[in-house]
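Overview (structure and organization)
The chain contents come next:
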Amino acid sequence: MSILNEISQNLQQGKAKNVKELVQQAIREGISAKVILEEGLLAGMSIIGAKFKNNEVYVPDVLIAARAMNAGSELLKSLLASNGVKATGKVVLGTVKGDLHDIGKNLVRMMMEGKGLEVIDIGIDVPADKFVHTAKEVGAQIIACSALLTTTMGEMKTIVEAVKEAGIRDKVTIMIGGAPVNENFCKSIGADIYTPDAASAAEEAARVCSK
Ligand code: B1M
């Protein structure tokens, strides 16, 4: 079995320690961080996702797989620093209220940090006023919101409204992402930028901050 396959298999079984060791081994073997992420970690997560949908695995299984995913991807952090535009700026990043999914958000953080941006990660299940309060406090150029559930994506509209009410709409770019959202949704709630993945989110954030 290839090492990428082993990473995927161990991730699916939630074996975080093995995943970390295998990711370290893959790095030593010279496999690129992007390939380890996409063909090892995300490939495993995608199989878990399909099994979860078909009720072949349940929340606890997915939770331990997610922990293994986060443990493995942390090791890739410094290696995912990408080429292209480098920028300085502050981004307040979080997963919206009611939503506990953080793997995509964590990838967005890593990619943005790789672009030189300072990311203030305010975590999961974050209410709109915390996004606004933190952005004001640190003087952020960008508020970046992640949502994975159709039941929580509406929170992004609440965040846009809260930013308007706080009087900082002209100072802050609102970026959104996550599986259930898209460009049309972004326009409909009055947010500024939708991106489909972490790498393009980082590209766009760097573009905004280098203006
Ligand atoms: Co949840 N879950 N989950 N889950 N879970 C999904 C999202 C689901 C699609 C599974 C399914 O049924 N097929 C489904 C949502 C259905 C829907 O709303 N349409 C679902 C459900 C229903 C639930 C619960 C309600 C289950 C239950 O309790 N019965 C529950 C809700 C809990 C809550 O949040 N309140 C729940 C719980 C969980 C766990 C806690 C067990 C765990 C999360 C653990 C964690 O994150 N630490 C979990 C997981 C892991 C998943 C799946 C399997 C994987 C998600 C993931 O991390 N993918 C997921 C199924 C799936 O996606 N196939 C599922 C990998 C990650 C890299 O992708 O986050 O999409 P993603 O990020 C992508 C892009 O979306 C984008 O970049 C990344 C790629 O580069 N992106 C951004 C994300 N944020 C961005 C922000 C940006 C830009 C891009 O700019 C700001």
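As a reminder, the structure under discussion sits directly above these lines.
Before going into details, it helps to say that this report is about the structure given with it. Being a predicted model, the structure only gives us computed values, none of them experimental. (Residues numbered from 1 in each chain as written. Predicted model: local features only at pLDDT ≥ 70, side-chain atom pairs only at ≥ 80, totals over all residues. Heavy atoms only, no water.)

Quick look at the sheet that holds strand S2 (residues 118-121)
- A sheet is described by the order of its strands in space; here 5 strands give the open sequence S2-S1-S3-S4-S5, paired in parallel fashion. Edge positions in the open sheet fall to S2 and strand S5 (193-194), since each of these has one partner strand only.
- Helix H6 (residues 128-138) rests against strand S1 (90-95), S2 and strand S3 (142-146) of the sheet, and its axis sits at about 165 degrees to S1. (Pairing = 2+ DSSP bridges. Helix = DSSP H or I, 4+ residues; strand = E, 2+ residues; numbered from the N terminus. Contact = heavy atoms within 4.5 Å. Axes fitted to C-alpha atoms, helices over the stretch in contact; angles between N-to-C directions.)

Re the state of the cysteines
- In total, this model carries 0 disulfides according to the counting rule given.
- Cysteine Cys 145 shares no disulfide, and the gap to the nearest cysteine sulfur, in Cys 186, comes to 9.9 Å. (Disulfide = S-S within 2.5 Å.)

Examining the environment of Asp 192
- Along the polypeptide, Asp 192 turns up in the loop between helix H8 (183-189) and S5.
- With a relative accessible area of 38%, Asp 192 lands in the partly exposed category.
- Separated by 18 residues in the primary sequence, Asp 192 and Ile 174 place their C-alpha atoms 5.2 Å from one another.
- If we skip the residues at most four places from it in the chain, Asp 192 touches Arg 169, Val 172, Thr 173, Ile 174 and Cys 186.
- Within the structure, the side chain of Asp 192 is placed 2.9 Å from the side chain of Arg 169, a separation counted as a polar contact.
- Engagement of the side chain of Asp 192 in a polar contact is seen with the backbone nitrogen of Ile 174, the distance being 2.7 Å. (Buried < 20%, exposed > 50% of the residue type's maximum accessible area, 1.4 Å probe, protein only. Polar contact = N/O pair within 3.5 Å; in protein donor to acceptor, adjacent residues only side chain to side chain.)

Description of unusual backbone geometry
- Notably, Asn 55 is not glycine yet its phi reads approximately 55 degrees, a positive angle.
- Looking at where Asn 55 falls in the secondary structure, it is placed in the loop between helix H3 (33-53) and helix H4 (59-74).
- On the accessibility criterion, Asn 55 (52% relative accessible area) is exposed.
- Positive phi, close to 55 degrees, is recorded for Asp 125, a residue that is not glycine.
- Mapped onto the secondary structure, Asp 125 falls in the loop between S2 and H6.
- You can call Asp 125 partly exposed: its relative accessible area is 37%.

As for the pairing of strand S4 (residues 173-177)
- Burial of S4 is extensive: 5 of the 5 residues sit out of reach of the surface.
- Here S4 shows two buried faces, one formed by Thr 173, Met 175 and Gly 177 and the other by Ile 174 and Ile 176.
- Of the strand pairs in this sheet, S3 and S4 are connected by 5 bridges, and their pairing is parallel. Within S4, the position partnered with Ala 144 by the bridge is Met 175.
- Each parallel crossover has a hand, and for S3 linked through helix H7 (residues 155-165) to S4 it is right-handed.
- In this sheet, S5 lies alongside S4 in parallel orientation, the contact comprising 2 bridges. Along S5, the bridge assignment pairs Ile 176 with Tyr 194.
- What joins S4 to S5 is H8, and the crossover it makes is right-handed. (Right-handed = clockwise from strand over helix to strand, strands pointing away.)

Remarks on the environment of Phe 52
- Assignment of secondary structure puts Phe 52 in helix H3.
- For the pair formed by Phe 52 and Leu 42, sequence separation is 10 residues and the distance between their alpha carbons is 15 Å.

Things to note about the pairing of S2
- Bridge count between S1 and S2: 4 bridges; the pairing is parallel. Across the sheet, Lys 90 pairs through a bridge with Glu 118, a residue of S2.
- In this region the chain leaves S1, passes through helix H5 (residues 103-114) and returns to the parallel neighbour S2; the handedness of that crossover is right-handed.

What about the site of the ligand?
- Inspection of the region around the ligand gives 34 residues, with Gly 98, Leu 100, His 101, Asp 102 and Ser 146 positioned closest.
- Contact between the ligand and Asp 102: a nitrogen atom at 2.7 Å from a side-chain N or O atom of the residue.
- Note that an oxygen atom of the ligand is positioned 3.0 Å from one of the backbone N or O atoms of Ala 198.
- Those elements that place two or more of their residues in the shell around the ligand are H3, H4, H5, S3, S4 and helix H9 (198-209).
- Considering each element in turn, the shell around the ligand owes the most residues, 5 residues, to H3.
- For the shell around the ligand, the class distribution of residues is 21 nonpolar, 9 polar and 4 charged. (Near = heavy atom within 4 Å. Nonpolar A, V, L, I, M, F, W, Y, C, P; charged D, E, K, R; others polar.)

Bear in mind that shape data such as this cannot, by itself, settle questions of function.
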